[in-house]
Amino acid sequence: MKITLACAGGMSTGMLVKKMEEYAASQGIDADISACGLSELEEQVNGTDIILLGPQVGYQQDDVKNEYPDIPVLVIEMMDYGMMNGEKVFKKAQEVIASK
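What comes next is a walk through the structure.

On to the environment of Leu74. Of note, Leu74 is situated in strand β4 (residues 73–75). On a C-alpha basis, the gap between Leu74 and Val96 in space is 8.5 Å, while along the polypeptide they are 22 residues apart.

Set out below in structure tokens:
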């Protein structure tokens with residue numbers, strides 16, 4: 001499973017990636033999770049199962065969906081992002097991937 005997080009610069013989502021990786025590892029789930037700035041998304045998106053957008057760039061969800069119509073795009077909940085709730089964000093991504 002490959003999950004790509006995108007935000008304004010890739011820095012804040014980097015912390016969330018670590019929390020998500022820790023949760024995946026604790027569950028024995030092999031996941032490739034990475035973070036990037038929205039401007040670098042094209043270079044990172046190959047093979048991605050889902051794109052998660054940081055709340056600060058959520059307004060660009062429609063543009064990202066149009067650019068990558070075959071990949072689900074989800075905006076991370078503000079509360080989960082602020083609390084760095086890697087488990088909840090990871091589980092939501094799993095749900096969306098499983099339903100596609």
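It is worth spelling out the pairing of strand β3 (residues 50–53) at this point. Judged by which residues are buried, β3 turns out to be covered on both faces: Ile50 and Leu52 on one side and Ile51 and Leu53 on the other are all buried. Relative to β3, strand β1 (residues 2–7) is paired through 4 bridges, and the arrangement is parallel. When the sheet's bridge partners are listed, Leu5 is paired in β3 with Leu52. In this sheet, β4 lies alongside β3 in parallel orientation, the contact comprising 3 bridges. What sits directly across from Ile51, in β4, is Val73. Crossover handedness for the path β3 to helix α3 (residues 61–67) to β4: right-handed.

Turning next to the nonpolar core. Within the largest apolar cluster, 19 residues are counted, with the highest numbers of intra-cluster contacts made by Ile3, Leu5, Leu16, Met20 and Leu52. Contributions of two or more residues to this core are made by β1, α1 (11–26), β3 and α5 (86–99). Ranked by size, the runner-up nonpolar core spans 12 residues in total, among them Leu41, Val45, Val57 and Tyr68.

Reading guide: rules and limits
- Counting starts from 1 at the beginning of each chain's written sequence and moves along it residue by residue.
- Per-residue local features are limited, in this predicted model, to residues with pLDDT of at least 70; the limit for side-chain atom pairs, both in listing and counting, is 80 or more; totals at the level of whole chains, interfaces and linings are taken over all residues.
- With hydrogens and water stripped out, all remaining heavy atoms of the structure feed into the side-chain values.
- Helix and strand definitions here come from DSSP, where helices need a minimum of 4 consecutive H or I residues and strands a minimum of 2 consecutive E residues; each element is numbered from the N-terminal end.
- Buried residues are those whose accessible area, probed at 1.4 Å on protein chains only, stays under 20% of the maximum for their type, while exposed residues exceed 50% and partly exposed ones sit between those limits.
- Here the rule is simple: two strands pair whenever DSSP picks up at least two bridges between them.
- Handedness rule for crossovers: strands pointing away from the viewer, path from the first strand over the helix to the second running clockwise, crossover right-handed.
- Residues belong to a common nonpolar core when they are buried Ala, Val, Leu, Ile, Met, Phe, Trp, Tyr or Cys residues joined through side-chain atoms within 4.5 Å.

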